[in-house]
Amino acid sequence: MSEVIEGHFAGRVGGFALEAAFSFPAHGITALSGPSGAGKTSLLRCIAGLTRLEGRLNVAGEVWQDGRVFLPTHRRPIGVVFQEPSLLAHLSVRDNLTYGARRSPVRAEVGFEDTVELLGLRPLLGRSTANLSGGERQRVALGRALLSQPRLLLMDEPLSSLDAASKAEILPYLERLHRTLAIPALYISHDAGEIARLADRVLFMAQGKILSAAPASPSDRSLAGLSAQQRDGLARAALKAGLTPEA
């Protein structure tokens with residue numbers, strides 16, 4: 001039986017109600033998609049232990065949360081990449097990368113040299129993070145996350161703040177990461193083109209609930225031309241009709 005990541009969280013985050021149950025394989029890239037305000041980042045924060053709601057979380061047979069257990073964020077073997085890289089400005093690229101490695105209590109399975117080669121970071125190692133492009137900064141953030149030796153990689157719209165040129169720069173590195181490493185990833189994105197290019201499967205979320213789970217397919221790319229407003233409208237209509245829309 002293949003390993004899975006499964007859980008359920010319920011509660012309120014401010015004025016927002018989350019009631020999300022999910023299960024996905026502990027390998028490959030799982031995209032989490034849906035309209036703005038669906039609760040995607042709230043769910044990611046629950047998985048990371050940054051927000052505590054009632055619920056349970058089992059990662060490949062290891063309990064991270066249930067009625068008796070709650071692992072705090074620093075004890076969860078996760079790597080997190082947000083929209084903004086949040087690099088340490090006083091450190092070089094090399095030192096930002098090794099900072100992630102120093103904080104990991106486990107034996108390195110993803111080595112420094114492998115990470116540098118995988119993400120094309122060697123020309124950047126001696127540079128200040130202040131002198132990097134947006135795409136370069138996200139590559140460094142991703143490398144730092146990998147060197148923390150995560151069992152689960154969480155990415156919250158990591159390309160959304162980048163311009164088209166920077167997105168085009170980093171996407172091949174994400175594809176290489178997908179092909180090369182066995183670390184499972186949950187990847188939040190509004191961009192159907194990104195999802196079709198990177199993801200193995202898609203969870204679709206609206207109004208705090210997971211509505212569907214399906215393999216990623218070429219149909220995801222067909223949604224890429226829709227505006228965010230149009231996609232939100234489709235999601236609301238499907239939810240009202242009791243349907244599970246294609247992700």
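The following refers to the structure shown. Keep in mind that what you see is a predicted model, and the values were worked out from it rather than measured.

This part covers the sheet that holds strand β7 (residues 152-156). An order of β6-β7-β8-β3-β9-β10 is seen for the six strands of this open sheet, with the pairing classed as mixed. Of all the strands in the sheet, the pair left with one neighbour each is β6 (78-81) and β10 (209-215). Sheet twist, expressed as the average angle between the axes of neighbouring strands with direction ignored, equals 20°. Alignment of strand β3 (residues 29-33) against strand β9 (residues 201-206), held across four bridges, turns out to be parallel. Bridge pairing in β9 links Thr30 to Arg201. Helix-sheet contacts for helix α4 (residues 134-147) involve β6 and β7, and the interaxial angle to β6 is about 170°.

Right, let's talk about the nonpolar core for a bit. Soluble, globular proteins show a tendency: their nonpolar side chains are buried together. Ranked by internal contacts, the top residues of the largest apolar core, which has 36 residues, are Leu97, Leu142, Leu146, Leu153, Met155 and Leu174. Secondary-structure elements contributing two or more residues to this core are β3, α2 (93-102), α3 (112-118), α4, β7, α5 (164-180), β8 (185-188) and α6 (192-198). In contact with Met155, not counting residues within four places along its chain, are Leu44, Val81, Leu142, Leu174, Ala185, Leu186, Tyr187 and Ile188. Within the second largest apolar cluster, 28 residues are counted, among which are Ile5, Phe24, Met205 and Ile210.

Turning our attention to the packing of aromatic side chains. Summed over the entire model, instances satisfying the criterion amount to two aromatic pairs. Ring centres of Phe9 and Phe22 lie 6.2 Å apart, and the angle between their planes is 25°; this geometry places the pair in the stacked category. In this pair, Phe9 sits in strand β1 (residues 4-13) while Phe22 sits in strand β2 (residues 16-25), placing the two residues 13 residues apart along the sequence. The class of Phe9 is buried, set by a relative accessible area of 0%. Pairwise contacts between aromatic rings join Phe9, Phe22 and Phe24 into one cluster. Geometry around Phe70 places Arg52 over its ring, the cationic atom sitting 4.1 Å from the centre. Here the basic side chain of Arg139 rests over the ring of Tyr173, its NZ or CZ set 4.4 Å away from the ring centre.

Further remarks concern helix α1 (residues 40-48). Count 3.6 residues to each turn of an α-helix, and residues three or four apart come out pointing the same way. With seven of nine residues buried, α1 is to be regarded as a mostly interior element. Residues of α1 that are buried include every one of Lys40, Ser42, Leu43, Leu44, Cys46, Ile47 and Ala48, and no others. Of the residues flanking the end of α1, it is Gly49, one or two places downstream, whose phi is positive at about 80°.

Parameters at a glance
- Residues numbered from 1 in each chain as written.
- Predicted model: local features only at pLDDT ≥ 70, side-chain atom pairs only at ≥ 80, totals over all residues.
- Heavy atoms only, no water.
- Pairing = 2+ DSSP bridges.
- Helix = DSSP H or I, 4+ residues; strand = E, 2+ residues; numbered from the N terminus.
- Axes fitted to C-alpha atoms, helices over the stretch in contact; angles between N-to-C directions.
- Contact = heavy atoms within 4.5 Å.
- Core = buried A, V, L, I, M, F, W, Y, C linked by side-chain atoms within 4.5 Å.
- Buried < 20%, exposed > 50% of the residue type's maximum accessible area, 1.4 Å probe, protein only.
- Phe/Tyr/Trp six-rings, centres within 6.5 Å; stacked < 30°, edge-to-face > 60°.
- Lys NZ or Arg CZ within 6 Å of the ring centre and 35° of its normal.

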